[in-house]
Amino acid sequence: MFQSIDPSGAASCPDETSALGRMLQLWPSAATVLSRARYAEQALAEAVGQGVRQYVILGAGMDTFAFRRRDMLERLEVFEIDHPATQAFKRNRIAGLGWEIPAQLHLVSLDFTKEKLDDILKCPPYDPRAITFFSWLGVTYYLPRDSVLDTLSAVARVSPRGGMIVFDYLDRNVRSTGKAAERVKAVMDSLQSLGEPLKAGLDPSTLDSDVARIGFSLQENLTPSDIRRRYFEGRTDGYRASQHIHFALAAVE
Ligand SMILES: C[S@@+](CC[C@H](N)C(=O)[O-])C[C@H]1O[C@@H](n2cnc3c(N)ncnc32)[C@H](O)[C@@H]1O
């Protein structure tokens, strides 16, 4: 694939691993995808250290946590919740690769705009009495604000106090004419042409009170500058934080 995008770049890579690394550097969203996964999995590791035994990945997409981190599966039941079409595609890819789905990984399909998470997560093997860690990465961008807050409310209903959620979101400036960064505008235009338009975005200055109203206390609300300092300072490989994208960590009250 890299060969078709950049034939001379591909020719200069000694092996498949370095070709994959080079290809990721050319993909504008790679730094966001990698840094948000790092942020979530670091917070998850801390939560597991404190006794959390359920991990729910909302809108999992092609997330490979349960395949990459078999070591964590000794202590965790993992639930991937995703749109039925994406999940069917993923099942096919897993089968095509000849991978085995671990016994601790449960694939559950749901459309956030049509169904409620708490209707889906009310029966075994999910335990609604267990303190649970959720991640919701790369999804809020595509949903109307009400659907985002509805899904967060459902998370608060299916985990007791102490449950946590990590999510990323676009700030509202991305929709204001003249305020969106050029690079982000280009990504938005390409997603629009793929039929996956980005929606309204959230307001970082009111997120604290917005989530408090639905049963959460906001623990962290990282701005693009915070993310740059934490994950990208001093890098020389071209990866950088994306403007307008924020990372949040909230706890069920
Ligand atoms: C950009 S991918 C993010 C995948 C992964 N979480 C990551 O961090 O890269 C967006 C995911 O949101 C899911 N999604 C989008 N709209 C959805 C909806 N209405 N209901 C359920 N899942 C949805 C898609 O199926 C896809 O898996």
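Here's what I pulled together on the structure shown here. Residue positions within a chain follow its written sequence, with the count starting from 1. A pLDDT threshold of at least 70 governs which residues receive local features in this predicted model, and a stricter bar of 80 or more applies before side-chain atom pairs are shown or counted, although totals over entire chains, interfaces and linings include all residues.

By this definition, two strands are paired if DSSP reports at least two bridges between them. Strands here are runs of E lasting at least two residues and helices are runs of H or I lasting at least four, both read from the DSSP assignment and numbered beginning at the N terminus. Sheet architecture is open: 7 strands sit in the order S3-S2-S1-S4-S5-S7-S6, paired in mixed fashion. Looking at strand neighbours, the two that pair on one side only are strand S3 (105-109) and strand S6 (216-222), the edges of this open sheet. Recorded for the sheet is a direction-independent mean angle of 20° between the axes of neighbouring strands. With 5 bridges joining them, strand S1 (residues 54-58) and strand S4 (residues 132-136) adopt parallel strand pairing. From the neighbouring strand, isoleucine 57 faces S4, where its bridge partner is serine 135. Taken strand by strand, helix H4 (residues 30-49) contacts S1, S4, strand S5 (164-170) and strand S7 (245-252), and its axis lies near 165° from that of S5. A pair of residues counts as a contact when their C-beta atoms, built from backbone coordinates, are within 7 Å of each other. Between N-to-C directions, angles span 0 to 180 degrees; the directions come from axes that are lines fitted to C-alpha atoms, helices contributing only their stretch in contact. Across the sheet, helix H6 (residues 84-97) lies against strand S2 (77-82) and S3, angled at about 140° from S3, the strand it touches most.

Judged by nonpolar contacts, the single largest core of 53 residues is most densely connected at Ile57, Val78, Phe134, Val155 and Ile165. With residues up to four places along the chain from it excluded, the contact list for valine 78 reads Tyr55, Ile57, Phe65, Ala66, Gln104, Leu105 and His106. Among buried residues, those of type Ala, Val, Leu, Ile, Met, Phe, Trp, Tyr and Cys that are joined through C-beta atoms within 7 Å form a set called a nonpolar core. To assign burial, the other C-beta atoms lying within 10 Å of each residue's own C-beta are counted, with C-beta atoms placed from the backbone; 20 or more indicates buried, 12 or fewer indicates exposed, and intermediate counts indicate partly exposed.

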